[in-house]
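Spelled out from the first residue to the last, the chains are:
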Amino acid sequence: MAIIGTDILSVKQLLCAGEVVGIPTETVYGLAGNAFNDDAVLKIFSVKNRPQFDPLIVHTDSIAHASTFIISFPDKAKQLAEAFWPGPLTLLLPKSDAVSDLVTSGLSTVAIRIPNHPLTLELLASLDFPLAAPSANPFGYISPTSALHVENQLGKKIPYILDGGESTVGIESTIVGFEGDDAVVYRLGGIAVEAIERIIGPVQTVSHSTSNPKAPGMLKSHYSPRKPLLINPLPEILQQYSPNQIGSLTFDHLVDSIPTENQRVLSPTADYPEAAKHLFAYMRQLDSLPIEVIYAELLPEKDLGRAINDRIRRAAVREV
Ligand code: TXA
Ligand code: MG
């Protein structure tokens, strides 16, 4: 059992001693350790059961600090940082020697983010090192959006979870890298591509790659609940399962045939940010209901609907 609390000083002491702890962010909870301490970084990989070839995001509290971890800051990256930090944006930038190869899995770029959560920003300001932090879920399972989600899955392995309430964005950060002067979105996330394009113009989106991915967290099997999640038409699923064996995950409406208590509507008013906020928590709830299968509907392919659909598709790894 981890301690769940809001004592920033205790968390600071644990991090300074090389421990890893759960921290809240506006996207999802992170499993954080001193990014400048290789033993702490190794501990993150082992607690999460994450392969060391999958690099970590470095979290810091100012653009000035971020600048010391990199050797160049392209104009478009600076514009995005100024527009969206603190916030759900991760930038891939050429790393300086300050960042160890362990954090970046030997890549020449480092992923950097300033998270927008008051407790975590206060914690970062009290530290003289940045925090390496992946999402605080066991590798391959749904990301946590509350301290309790972290406790349920990693509580036995970590001493403390800083409780910052429910994550307000609810899906992971958008990851943007640069090929020469061009910006490339490697992971759809909490900032819509449309919002990025309003700042720097058209960007390319490279997602769903399964071989040698730039962002290995985007492998297809990510975000999976344990129960099969299907995007097949409902009548097809109803041929194989009785209605009370089915749960549903939909954008803004209830569906016919399935018992209401087995249904989760992401946003009755069709609000994308609200849908994103509920996505992972509802997937978890459906996973723990006495049902056999989850029927999911995709959202319109715009705004945060794209990032939400991306996660639903990756969760849907099995067929009827
Ligand atoms: O919202 C978020 O980004 C959350 C919170 C805790 O900040 N963090 C998060 O971390 O989602 P994680 O480790 O679950 O996902 C980070 C992704 C991974 O897919 C990793 O492969 C990719 O970022 N990544 C990290 N460094 C990279 C790099 N240098 N080049 C390409 N991809 C990188
Ligand atoms: Mg993750």
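Residues numbered from 1 in each chain as written. Chains lettered and ligands numbered in written order. Predicted model: local features only at pLDDT ≥ 70, side-chain atom pairs only at ≥ 80, totals over all residues. Heavy atoms only, no water.

Trainee: Explain the packing of aromatic side chains here, please?
Mentor: How two aromatic rings sit relative to each other is given by the distance of their centres and the angle of their planes. Enumeration over the complete set of coordinates arrives at two aromatic pairs. A ring pair is formed by Phe-36 and Phe-69, whose centres lie 5.9 Å apart and whose planes are at 85 degrees; its orientation type is edge-to-face. Here Phe-69 lies in the loop between helix H3 (63-67) and helix H4 (75-84) and Phe-36 lies in the loop between strand S3 (30-34) and helix H2 (38-48), a separation of 33 residues in the sequence. In this structure Phe-36 comes out as partly exposed when scored by relative accessible area, which is 39%. For the cation-ring pair, Arg-226 lies above Tyr-141, with the distance from its terminal atom to the ring centre recorded as 4.5 Å. (Phe/Tyr/Trp six-rings, centres within 6.5 Å; stacked < 30°, edge-to-face > 60°. Helix = DSSP H or I, 4+ residues; strand = E, 2+ residues; numbered from the N terminus. Buried < 20%, exposed > 50% of the residue type's maximum accessible area, 1.4 Å probe, protein only. Lys NZ or Arg CZ within 6 Å of the ring centre and 35° of its normal.)

Trainee: I keep staring at the pattern of salt bridges and nothing clicks. Help me out?
Mentor: Per the stated rule, a full pass over the model turns up 10 salt bridges. We note a salt bridge from Arg-314 to Asp-310, for which the minimum N-O separation is 2.9 Å. In this pair, Arg-314 and Asp-310 both sit in helix H11 (residues 304-315), four residues apart, roughly one turn of the helix. Through salt bridges with shared partners, one network takes in Glu-172, Asp-310, Arg-311 and Arg-314. (Salt bridge = Lys/Arg side-chain N within 4 Å of Asp/Glu carboxyl O.)

Trainee: Explain the domain arrangement of the chain here, please?
Mentor: Where the parts come together, the accessible area they lose is often given as the size of the interface. The domain architecture assigned to the chain consists of domain 1 (3-169) and domain 2 (229-315). The gap between the C-alpha centroids of domain 1 and domain 2 is 30 Å. Contact residues are listed per partner, giving 12 residues for domain 1 and eight residues for domain 2. Together, the buried faces of domain 1 and domain 2 total about 830 Å²; carbon and sulfur atoms form 55% of this surface. Taken together, the connections running from domain 1 to domain 2 amount to one salt bridge. The partner of Lys-277 in a salt bridge is Glu-166, with the nearest N and O atoms 3.8 Å apart. Our enumeration of links across domain 1 and domain 2 arrives at four residue pairs in polar contact (both at pLDDT 80 or more). For the side of domain 1 that touches domain 2, a count of residues per class yields five nonpolar, six polar and one charged. (Domains from an automatic or database assignment. Contact = heavy atoms within 4.5 Å. Buried area = accessible area lost by both parts, 1.4 Å probe. Polar contact = N/O pair within 3.5 Å; in protein donor to acceptor, adjacent residues only side chain to side chain. Nonpolar A, V, L, I, M, F, W, Y, C, P; charged D, E, K, R; others polar.)

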